[in-house]
Amino acid sequence: MRFTVAIDGPAAAGKGTISRAVADRFGFAHLDTGALYRAVGVKGGDPVAAARGLTPEDLARDDLRTLEAGQAASRVAVIPEVRQALLDFQRAFARREGGAVLDGRDIGTVICPEAEVKLFVTASPEVRAHRRWLEVGGDEARVLAEVRERDARDMNRADAPLKPAADAVVLDTSEMTIDEAVAAAVRHIETLRG
Ligand code: CDP
Ligand code: CDP
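Reading the values: the criteria
- Residues numbered from 1 in each chain as written.
- Chains lettered and ligands numbered in written order.
- Predicted model: local features only at pLDDT ≥ 70, side-chain atom pairs only at ≥ 80, totals over all residues.
- Heavy atoms only, no water.
- Core = buried A, V, L, I, M, F, W, Y, C linked by side-chain atoms within 4.5 Å.
- Buried < 20%, exposed > 50% of the residue type's maximum accessible area, 1.4 Å probe, protein only.
- Helix = DSSP H or I, 4+ residues; strand = E, 2+ residues; numbered from the N terminus.
- Contact = heavy atoms within 4.5 Å.

Undergrad: If you had to explain the nonpolar core to someone new, which residues and values would you point to?
TA: Val-5, Ile-7, Ile-18, Val-22, Phe-28 and Ile-189 are the most contacted members of the largest nonpolar core, which totals 20 residues. Those elements that place two or more of their residues in this core are strand E1 (4-8), helix H1 (15-26), strand E4 (117-122) and helix H10 (178-193). Filtering out sequence-adjacent residues up to four positions away, Ile-7 remains in contact with Lys-15, Ile-18, Ser-19, Val-101, Leu-102, Asp-103, Gly-104, Ile-107, Leu-119 and Val-121. Counting residues in each nonpolar core, the second largest holds 12 residues, with Ala-94, Ala-100, Leu-102 and Ala-115 among its members.

Undergrad: Go over unusual backbone geometry, please, and point to the residues and values.
TA: Non-glycine residue Ala-12 carries a positive phi angle of around 60 degrees. On the accessibility criterion, Ala-12 (10% relative accessible area) is buried. Although it is not a glycine, Ala-160 adopts a positive phi angle of roughly 50 degrees. Take Ala-160: it is sitting in the loop between helix H9 (140-156) and strand E5 (169-172). Taking the relative accessible area as the measure of exposure, Ala-160 reaches 9% and is therefore buried.

Pasting the structure below:
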């Protein structure tokens, strides 16, 4: 059985939380594609070479979830050769036997346009920054500025910009608890899965 759930959206919208819950609920494999770009960003050196030579150890680094890694990821993510180097791995993952959920920015638009389910998860910048601030601490205004900066870079790049696929369902989680957001995603998938 091949069944792909594509979950895209801006920073700290709840993509990862929803993806993990969906993978758990339906027994699908989960790929956090942001981790690939974060790993390339923090590796340093030539980003194209880093993307081509990405290893499991690179993906296991414990500094991938920092604000700096997020910024570094979005800077390397504008480079078409970096995106190209990560494409085949993501496509193969999406169509693996047993079902897959991938979360990122371009899953429904570029990586897997044929995905059976496409969700675009979003929330206001203030809500998203507050959620991220609860995770990383520091100055909340700075976290909001970084979220806005990263969103703008992701939306305005030429190659695979962040935007909902034409056939994506938009889920605004600004006013939702995690449980409500997960329940909405699960309901939607159940409807399409039959
Ligand atoms: O993957 P993405 O960056 O889109 O977001 P996430 O890591 O799933 O969620 C960011 C933070 O917001 C996590 O700490 C979640 O627990 C929290 N969250 C929330 O408070 N309410 C939601 N409806 C979704 C996520
Ligand atoms: O968890 P959060 O939403 O904050 O970020 P992430 O999903 O880990 O992605 C980090 C950065 O990688 C994003 O801001 C994008 O620039 C880039 N990215 C991308 O270009 N395409 C993807 N499919 C996933 C991430």
